[in-house]
Amino acid sequence: MTSNTDIEVAVQEATATLRRGGIVAFPTETVYGLGADAENPEAVARLFMAKGRPADHPVIVHIGDAEQLERWAVDIPPSAALLAQRFWPGPLTLILKRDARVPDAVTGGQDTVGLRVPDHPVALALLAAFGGGIAAPSANRFGRLSPTTAAHVRTDLGEAVDYILDGGSCQVGIESTILDLSGARPRLLRPGVITADALEAVLGEKLAGPSGNAPRSPGALPSHYAPRTPLVLVPPEDLAAEVVRRLEKDERVAVLARSVATPQIEWLFLSGSDFTECAWQIMPADPDGYAHELYARLHALDALHADCLLVEAPPAEAVWQAVRDRLARAARARLD
Ligand code: TXA
Ligand code: MG
């Protein structure tokens, strides 16, 4: 167990690293972020290099409280204050018209900026100690799975990070909901655990869906959030047969199931398959529990280097939208 003094010392070290223009990985309630001083364009450029991300993609600026919105954004609509009051600190990113002093490196040259107050004690301590905004994409290499533990960050980025703040595993487990408030109507750019329904209830109006010409947003690229193992979404009723079909072709199969129980060993033997070639994990039945576990389980199954990763498709209901979105992108990545 890490003591409070250890955390304070680590936060001081991380703050000093940011002030020097260094790169710090830190926990948030959603996923780990890879942070740099948002007002230091060279530091942000290093961040993009570490991540392997194209320089014209914008990053979210993390701030310590909603009062700091005005330092980063202009023409802030009243709806932003309403949403901030209801959901911050929390897993909601607001896209607003940028203030002129926001570096192009942060916005990818666009006229908007993404802002959020993360709900994690270590992130909030870091933001308070640092005082400024921290530009941070998820702490993974471009196009790969987001990290939900410090170990994931170490494995994926290692030496590319100057300092890693370890805050345990992330509670939410998938990236924030992104809502664009810079246009005529609020537009959902990325679904998350704060659902469209919850946003509409506060706003009192319907959201526009993602548009075809949305601003450059890697979260909106089909090849995002992908494990290395080819991932295939399979309807629950087809899962058992699909596993058998692949085992019969001598494929090594990893399965992320939800409602379909691990098949009986005799059953797989009867089908002529070698059970040791099939890793089967059962996910929580509820969407929040599922989101919390998703990346950690995908990281673990990906590390088995199976020939395929079969994922039981989650239900179609609205509460599953964010999870379905991440899985659909991970599956599509392999069809490019
Ligand atoms: O939960 C999260 O949002 C995590 C944690 C670390 O805060 N961050 C995260 O960052 O997921 P990233 O960069 O992996 O995804 C942020 C998404 C990207 O798709 C980016 O293009 C989009 O937000 N974004 C950032 N600023 C934007 C802007 N001004 N306009 C449109 N999209 C923007
Ligand atoms: Mg990301």
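Please refer to the structure higher up on the page.
Just so you know, these numbers come straight off a predicted model, no measurement behind them.

1. Structural notes on helix H6 (residues 121–130)
Point 1. Buried residues of H6: Val 122, Ala 123, Leu 126, Leu 127 and Phe 130, and no others. Projected down its long axis, H6 shows its buried positions confined to an angular sector of 135°, all on one face. The exposed set on the far side of H6, more than 90 degrees from its buried face, consists of Pro 121 and Ala 128.
Point 2. As for H6, its buried residues are in contact with helix H1 (4–19), strand E1 (24–26), strand E2 (33–37), strand E3 (60–62) and strand E7 (134–135).
Point 3. One or two positions beyond H6, positive phi appears at Gly 131, with a value near 90°.

2. Looking at the pairing of strand E14 (residues 308–312)
Point 1. When you tally the buried positions in E14, you get 5 out of 5 residues, the bulk of the element.
Point 2. In E14, alternate side chains face the same way, and those of Cys 308, Leu 310 and Glu 312 on one face and Leu 309 and Val 311 on the other are all buried.
Point 3. Judged from the 4 bridges that link them, strand E11 (residues 231–234) and E14 form a sheet pairing that is parallel. Across the sheet, residue Leu 233 finds its bridge partner in E14, namely Val 311.
Point 4. By the bridge criterion, 4 bridges tie strand E12 (residues 253–257) to E14 in an arrangement that is parallel. Along E14, the bridge assignment pairs Val 255 with Leu 310.

3. Description of the pairing of strand E5 (residues 92–98)
Point 1. In terms of burial, E5 is largely enclosed, as 6 of its 7 residues are buried.
Point 2. The pairing of strand E4 (residues 73–74) with E5 spans 2 bridges and is classified as antiparallel. From the neighbouring strand, Ala 73 faces E5, where its bridge partner is Arg 98.
Point 3. Examined bridge by bridge, E5 and strand E9 (residues 177–180) share 4 bridges and lie parallel to one another. Bridge pairing in E9 places Thr 93 opposite Ile 178.
Point 4. In this structure, E5 lies alongside strand E6 (residues 112–116), joined through 4 bridges in antiparallel fashion. Pairing of Lys 97 across the sheet is with Thr 112, part of E6.

Parameters at a glance
- Residues numbered from 1 in each chain as written.
- Chains lettered and ligands numbered in written order.
- Predicted model: local features only at pLDDT ≥ 70, side-chain atom pairs only at ≥ 80, totals over all residues.
- Heavy atoms only, no water.
- Buried < 20%, exposed > 50% of the residue type's maximum accessible area, 1.4 Å probe, protein only.
- Helix = DSSP H or I, 4+ residues; strand = E, 2+ residues; numbered from the N terminus.
- Arc of directions from axis to C-beta.
- Contact = heavy atoms within 4.5 Å.
- Pairing = 2+ DSSP bridges.

These figures come from the coordinates and say nothing about function on their own.
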